[in-house]
Amino acid sequence: MLSIGVGETVTDGFKTYVLTSEFDYKFVSYGNHAQHHVSPEVLKMLVGEEKNEK
């Protein structure tokens, strides 16, 4: 299970996003320096789910 808190970062090794206080993911940079590392498929699901809910 993946538990990401507000202000924490997540990456697939290429793109890095941060979870905002509005509970959406904002792109912050390219690279693999983040608190949580996930597969590209999982990152796509996380970012895609947030965009589809709006």
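Refer to the structure above for everything that follows.
The sections below set out a description of the structure shown in this document. (Residues numbered from 1 in each chain as written. Predicted model: local features only at pLDDT ≥ 70, side-chain atom pairs only at ≥ 80, totals over all residues. Heavy atoms only, no water.)

### Here's the deal with the pairing of strand β3 (residues 25-30)
Reasoning step 1: Of the strand pairs in this sheet, strand β2 (residues 15-19) and β3 are connected by five bridges, and their pairing is antiparallel. Opposite L19, over in β3, you have Y25 as the bridge partner.
Reasoning step 2: If you look at the hairpin formed by β2 and β3, you'll find five residues sitting between the two strands, and F23 has a positive phi there, around 60 degrees. (Pairing = 2+ DSSP bridges. Helix = DSSP H or I, 4+ residues; strand = E, 2+ residues; numbered from the N terminus.)

### Let's talk about the packing of aromatic side chains
Reasoning step 1: A complete count under the given rule lists three aromatic pairs for this structure.
Reasoning step 2: Taking 5.2 Å as the distance between ring centres and 55 degrees as the angle between the ring planes, the aromatic pair formed by F14 and Y30 counts as tilted. Placement of F14 in the loop between β1 (9-11) and β2 and of Y30 in strand β3 is noted, with a sequence separation of 16 residues between them.
Reasoning step 3: Relative to F27, the ring of Y17 lies with its centre 5.7 Å away and its plane at 75 degrees, an arrangement referred to as edge-to-face. Remark: F27 occurs in strand β3 and Y17 occurs in strand β2; sequence separation between them is ten residues.
Reasoning step 4: Accessibility expressed as a relative area gives 12% for Y17, which makes it buried. (Phe/Tyr/Trp six-rings, centres within 6.5 Å; stacked < 30°, edge-to-face > 60°. Buried < 20%, exposed > 50% of the residue type's maximum accessible area, 1.4 Å probe, protein only.)

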